[in-house]
Structures are given as C-alpha cells and as structure tokens.
Amino acid sequence: MVGVEFLETLKEAITAYTGLSPNAFFTVLAAGIAVYYVFSILFGGSPQHQPRPRSFEEDVQPLPPPVQLGEISEEDLKAYDGNDPQKPLLMAIKGQIYDVSQSRMFYGPGGPYALFAGKDASRALAKMSFDDQDLNGDLTGLGAFELDALQDWEYKFMSKYVKVGTIKKPEVAPEASTAAEPTQQTATEPAESPAADPSVPAAHVAESTEAKEEKKETSTTEEAAKDE
C-alpha cells in the first residue's frame, strides 16, 4: 500500500514539475543517459588506457644525506651556493655551516634568499639587509635588537637544518718581536768621544790632549834632525 501511494505521488510530482507524463519523462531520462555514455566512449576514451599522471612526490628526487665538511674557508664555502646541482646548498651563521638543500626554493638560484647561499650571512640576517656589504660574518657595531634577531635565526637553523662544518678563521700574522731593537740600536750607535762622556773628568781629557801634542812635536823635531 505504501509503495503504491509513493508511485502515485511521484507521477503527480513529475507531471506537475516537468509538464510531461511519467512515461515521457522516463523515456527522455533514458535517452539522456544513453547519449552521455556514447559521448564518453567516443571522446573520453577508456579509463584503462589513460596515462597515469605523475605525482609531485615522483617528480622530486630524494635529497642525499648531508656530508660533513669539517673546517673550510669562506672562499671554499662560495662553491656551495647552489649553482652546481651536484653539490649541497650551504649557508653559515656565526661561523657555523648548515646544509639548507631542503629549502632550495628559498636559498637556491632564483629564490628570495639566494644571495645568502655560500656565505656567512650573519650580519645581513641580523640587519635584514640585502646589501652586498652586509653579506659577511662581521658583527661589529650591531645593536641589541639586531643581535636578538640573529639569535632567532640561529635557533631556527639549529632546529631545522643539519650542521656540516665551521668556517676557518683567517690566520693572523704574529707581530714582530721588539726585543732585538735595543741591541741593534746599541750596535749602530757611534762611539762617543771621551769629551762627551760626563763620567770622564775634564782635566784628564785636557792632559791627554797635551800629551798627544807634545808627542807630535817631539816626532817632528826628530825628523828635522835626521834631515840635517
């Protein structure tokens, strides 16, 4: 009884909303479904022969494990700026080198922070500067706010990236010893005359001078006597 009432209600609704008799309505509906399947077969192709789209994970190659470099110079670090796809992408903060290869879209070529790669960018990160003169590890003259900003960057790198080395500090040439200078000066100083030495009495100097003159006169007299 309930089923019969439902069918009668459905027929009345079809007629009221479509203006068609129930038979005409179901005929049109069947024709529409048949047309849909025909077009799907002719133009859509078989789902079994459609190429399977490659997923994003298949396009991305897995990153090699970070390689520990130890202590390298700033000049050597420049070779890891991302231009060589066979080398890891490295960046340093406060002399500590991190492998940022997983964030190549940011630090690799064409990325917004690409100019930081292959360098110790401590000063630039502290000042949030993109000037070439700030792309170094010199922290001289930075204020408390800038040092706090740099500390936040360092914490972020320590938690997200693997540390692979440190930057070798440039060797400072030892200062020349000044211990030998007094000896050299003493050796090159001219000998002072007895007259200039205050420790020699003036009378003794005068007597020496007179003795030399007398000796010279005696020698002259002797030579004259021999000539005669």
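Going by the structure above, here's the rest.
Scoring rules and cut-offs
Residues numbered from 1 in each chain as written. Predicted model: local features only at pLDDT ≥ 70, side-chain atom pairs only at ≥ 80, totals over all residues. Heavy atoms only, no water. Helix = DSSP H or I, 4+ residues; strand = E, 2+ residues; numbered from the N terminus. Buried < 20%, exposed > 50% of the residue type's maximum accessible area, 1.4 Å probe, protein only. Phe/Tyr/Trp six-rings, centres within 6.5 Å; stacked < 30°, edge-to-face > 60°. Lys NZ or Arg CZ within 6 Å of the ring centre and 35° of its normal. Salt bridge = Lys/Arg side-chain N within 4 Å of Asp/Glu carboxyl O. Contact = heavy atoms within 4.5 Å. Expected span 1.5 Å × (residues − 1). Arc of directions from axis to C-beta.

**Student:** Can you break down unusual backbone geometry residue by residue, with the values?
**Tutor:** Unlike most non-glycine residues, Lys94 shows phi in positive territory, near 55 degrees. Non-glycine residue Met128 carries a positive phi angle of around 50 degrees. Mapped onto the elements, Met128 comes out in the loop between α6 (122–127) and α7 (144–160). Accessibility expressed as a relative area gives 46% for Met128, which makes it partly exposed.

**Student:** Pulling in residues and values, what's your account of the packing of aromatic side chains?
**Tutor:** How two aromatic rings sit relative to each other is set out by the distance from centre to centre and by the angle between their planes. As enumerated under the stated definition, the model contains nine aromatic pairs in all. Relative to Phe157, the ring of Tyr107 lies with its centre 6.1 Å away and its plane at 70 degrees, an arrangement referred to as edge-to-face. In this pair, Tyr107 sits in helix α5 (residues 104–107) while Phe157 sits in helix α7, placing the two residues 50 residues apart along the sequence. The exposure class of Tyr107 is buried, given its relative accessible area of 3%. Summarising the aromatic geometry, the rings of Phe116 and Phe130 are spaced 5.6 Å apart at their centres and angled 10 degrees between planes, so their arrangement reads as stacked. Placement of Phe116 in the loop between α5 and α6 and of Phe130 in the loop between α6 and α7 is noted, with a sequence separation of 14 residues between them. Judged by relative accessible area, which is 2%, Phe116 ranks as buried. In textbook terms, an aromatic cluster arises when at least three aromatic residues are bridged by ring pairs, as seen for Tyr98, Tyr107, Tyr113, Phe116, Phe130, Trp153, Phe157 and Tyr161. Here the guanidinium or amino end of Lys87 rests over the ring plane of Tyr80, the centre of that ring lying 5.5 Å away.

**Student:** Describe the pattern of salt bridges, naming the residues involved and giving the relevant values.
**Tutor:** Counting across every chain of the model gives four salt bridges. Lys78 serves as the salt-bridge partner of Glu75, at 3.4 Å between the closest nitrogen and oxygen. Among the salt bridges present, the one from Arg123 reaches Asp134, with a minimum N-O distance of 3.6 Å. Placement of Arg123 in helix α6 and of Asp134 in the loop between α6 and α7 is noted, with a sequence separation of eleven residues between them.

**Student:** Before we move on, could you go through the environment of Gly82 and cite the residues and values that matter?
**Tutor:** Structurally, the position occupied by Gly82 is in the loop between α4 (74–77) and β2 (90–93). In this structure Gly82 touches Leu89, Arg104 and Pro109, once residues within four positions along its chain are discounted.

**Student:** Tell me about α7, and please be specific about residues and values.
**Tutor:** With 17 residues, α7 should reach 24 Å at 1.5 Å per residue; the first-to-last C-alpha distance of 24 Å fits that figure. Burial in α7 covers these residues: Leu150, Trp153, Glu154 and Phe157. Viewed end-on, α7 has its buried residues packed into an arc of 100 degrees, placing them on one side of the element. In this structure, α7 carries Ala144, Phe145, Asp152, Tyr155 and Ser159 as exposed residues pointing more than 90 degrees from its buried face. In this structure, the buried side of α7 is in contact with β2, β3 (96–99), α5 and α6.

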